[in-house]
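# What the coordinates show
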Amino acid sequence: MQQLIFGLRDGSLFALVALGLVIIHNTTGVLNFAYGHMGMFAAYITFSCYAFFGFPLVLAILTGLVFAVIIGILTEKFLLRPIRHLSHSAMLIITLGMLMTLEGFALLIWKQDTRQLPNLITGRPLIINIQDTMLVITRQDLLIFVLTAVIVFGTFFYLKYTKLGLAVRASSQSEEAAKLMGIPVGGVYGFAWGFGTALSALAAILAAPKTYVHPNMMVNLQIQGLTAAVLGGFDSLPGAIVGGLLLGVIEQFVGEYISAELKMAFALIIIICLLMIKPSGILGKSSKGRV
Amino acid sequence: MLKLEEVKLKYGYVEALKGISLEIKGGTITCLLGANGAGKSTTLRAISGLNHAYDGKILFNDEEIQDKSPDNIVKRRIIHCPEGRKLFPGLSVHENLMAGAYVMKDKNRIKENLEEVYQMFPILADRRRQSAGTLSGGEQQMLAVGRALMADPELLMLDEPSLGLAPIIFEQIFDTLIELKKQGKTIFLVEQNANAALHISDYAYIIEVGSITLEGNANELLKDDRVKEKYLGG
């Protein structure tokens, strides 16, 4: 049981990362390689505000998230939109370039050192006794669960029932038709990038007490988030969540019962096997339009 | 209402429109006929702002609109119902219609329009929760027209609404267009099916490789020998 809780905790983070990746990919058709690093940069901003400028932690985090939204929107508007008509690979290359640039800047500004961000909330962990087994959930883990749940349901609700949500879903299905409905597609893309990047930043900040803040802190999470997205079917938002949680649990059990060092490798092998059985992912439909 | 003056448009190096001039009068059905690749769809794309003319003017109620973005054009109530329908396949029928009303601010008006569309095409009301991708070709075309009507078009532009439809169904669509004209809407119809289009139109233009080669009242063109030979099958 305890392993399951750890797994779900990690899985929640994977799910957050996957959700942002999928939102950006579904809406704009771009797989964002720099996604994790954009979150990493925002985590550094949070760290700087907190440690250097003495902001209260919550304010520092908000600053980091706002920064993420802005960098997401600017990237879309000035780096990707101008080359949208060229080719899909051109946009991929841009995000790869972003990845290296962000890493370089992070090294330049904050050096190699690992920095630390504290847990958002501390305090006595929650202890649940079920018959003979004792379950321990730290406050930070609890916060991760709750935040993930709120964000996931909030996002679904927003996309399903609001006008902007409809515009996002319409644009993701057919860019040209959305334009003909009078939907400002550029604005919708900006929204997707801003929101998606904020999710990456949030995941980075939540993970930071464990991973520490350093230029490569999000490399694993980016891979895990991507894997979760593929596992869930990539074009499906619920799939990204299910994929994330499942990957978290698989990794945890592999780590516990097979080998801690190889947990990521084993988890990936399991996923390859799963995908050989069902290539479109758990909740994916066979491809509809988007490249 | 709408006037094109010497509109020229290029795709890369290919000149798709070589100076198109035409006029659409308010309250009429005007059609643009021509073979595949003659520039019919491109003309519509130039008007709706999906592609921009590099030369020439497009005037809507005497205002130049050739450089406006698509959402700006839609706000002027020029609605382009594209070739091949271009529905949102994963969205439900209802959501497709609501997407069509994206620029509408007045909630009551949206509701009225929705009811009108469902009245016009009752089959859509039955399938309102079904995703658009599961509809038959005819139903999809009805949905495409319905979606365009959700934005209260002043000028409705339809690109080949008869494409791939059984005669009985496209007659139904064309009857709807006549009905819309009676309600005072202006319609610009692009068609390969010249015979059917000329029968419901007031005025017609014929386009060949990017230029208008013939124009006239629809009933006169129906009798014109050149039109008969080329577009009405002799």
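Residues numbered from 1 in each chain as written. Chains lettered and ligands numbered in written order. Predicted model: local features only at pLDDT ≥ 70, side-chain atom pairs only at ≥ 80, totals over all residues. Heavy atoms only, no water.

Glancing now at the overall build of chain A. If you tally the helices and strands in chain A, you get eleven helices and two strands. For chain A, the α and β elements follow one another from N to C terminus as α-α-α-α-β-β-α-α-α-α-α-α-α. Taken against the 2.2 N^0.38 rule, which gives 19 Å for 291 residues, the C-alpha radius of gyration of chain A at 19 Å falls within 12% of a compact globule. Dimensions of chain A, computed from C-alpha atoms along their principal axes, come out at roughly 60 × 50 × 35 Å. The proportion of buried residues among the 291 residues of chain A is 51%. In chain A, once contacts between residues fewer than 6 apart in sequence are set aside, the share between residues at least 24 apart is 72%. Total accessible area on chain A stands at roughly 13200 Å², and carbon and sulfur atoms take up 71% of it. The centroid of the 18 positive side-chain charges in chain A is displaced by 11 Å from the centroid of its 12 negative side-chain charges. (Helix = DSSP H or I, 4+ residues; strand = E, 2+ residues; numbered from the N terminus. Rg over C-alpha atoms; globule rule 2.2 N^0.38 Å. Buried < 20%, exposed > 50% of the residue type's maximum accessible area, 1.4 Å probe, protein only. Contact = heavy atoms within 4.5 Å. Areas by Shrake-Rupley, 256 points an atom, 1.4 Å probe, with all protein chains shown as cover. Lys, Arg positive; Asp, Glu negative; His and termini not counted. Charge placed at Lys NZ, Arg CZ, Asp CG, Glu CD.)

With that out of the way, let us pick up the sheet that holds strand 5 (residues 63-64) of chain B. All names here are of chain B. Spatial ordering of the open sheet is given by 2-1-4-5, a layout of four strands whose pairing is antiparallel. Both edges of this open sheet fall to strand 2 (14-24) and strand 5, since each of them pairs with a single strand only. Packed on one face of the sheet, helix 1 (residues 40-48) meets strand 1 (2-11), strand 2 and strand 4 (55-60) and runs near 110° to strand 1. (Pairing = 2+ DSSP bridges. Axes fitted to C-alpha atoms, helices over the stretch in contact; angles between N-to-C directions.)

Turning to unusual backbone geometry, a few remarks are in order. Residues and elements named next belong to chain B. Backbone geometry at Arg77 places phi at a positive 70°, although glycine is not the residue there. Relative to the helices and strands, Arg77 is located in the loop between helix 2 (70-75) and strand 6 (78-81). Even without being a glycine, Glu160 presents a positive backbone phi close to 50°. With respect to the secondary-structure elements, Glu160 resides in the loop between strand 7 (155-159) and helix 7 (167-182).

Bringing the confidence of the model for chain A into the picture now. With 98% of its residues at a pLDDT of 70 or more, chain A shows a mean pLDDT of 89. Taken together, the stretch residues 287-291 of chain A has pLDDT below 50 and engages in ten contacts with residues farther than four places along the chain or on a different chain. (pLDDT = per-residue confidence, 0-100.)

This part covers the nonpolar core. Ranked by internal contacts, the top residues of the largest apolar core, which has 139 residues, are B:Leu124, B:Leu189 and B:Leu198. The element best represented in this core is helix 8 (residues 185-211) of chain A, accounting for 14 residues. Dropping the residues within four chain positions of it, B:Leu198 is found in contact with B:Cys31, B:Leu33, B:Ala204, B:Ala218, B:Leu221, B:Leu222, B:Val227 and B:Leu232. By size, the runner-up hydrophobic cluster in this structure holds 25 residues, among which are B:Val7, B:Ala46, B:Ile47 and B:Val190. (Core = buried A, V, L, I, M, F, W, Y, C linked by side-chain atoms within 4.5 Å.)

Contacts between chain B and chain A engage 22 residues on the former and 18 residues on the latter. Between chain B and chain A lies a buried interface of about 1900 Å² when both sides are counted; carbon and sulfur atoms form 67% of it. Here chain B and chain A share four salt bridges between them. For A:Lys160, the salt bridge identified is with B:Glu95, shortest N-O distance 3.7 Å. Taken together, chain B and chain A are joined by five residue pairs in polar contact (both at pLDDT 80 or more). Elements supplying a minimum of two residues to the side of chain B that touches chain A: helix 1, helix 2 and helix 3 (93-100) of chain B. Per element, the largest residue contribution to the side of chain B that touches chain A is four residues, and it comes from helix 3 of chain B. Its residues placed into classes, the side of chain B that touches chain A shows 13 nonpolar, four polar and five charged. (Buried area = accessible area lost by both parts, 1.4 Å probe. Salt bridge = Lys/Arg side-chain N within 4 Å of Asp/Glu carboxyl O. Polar contact = N/O pair within 3.5 Å; in protein donor to acceptor, adjacent residues only side chain to side chain. Nonpolar A, V, L, I, M, F, W, Y, C, P; charged D, E, K, R; others polar.)

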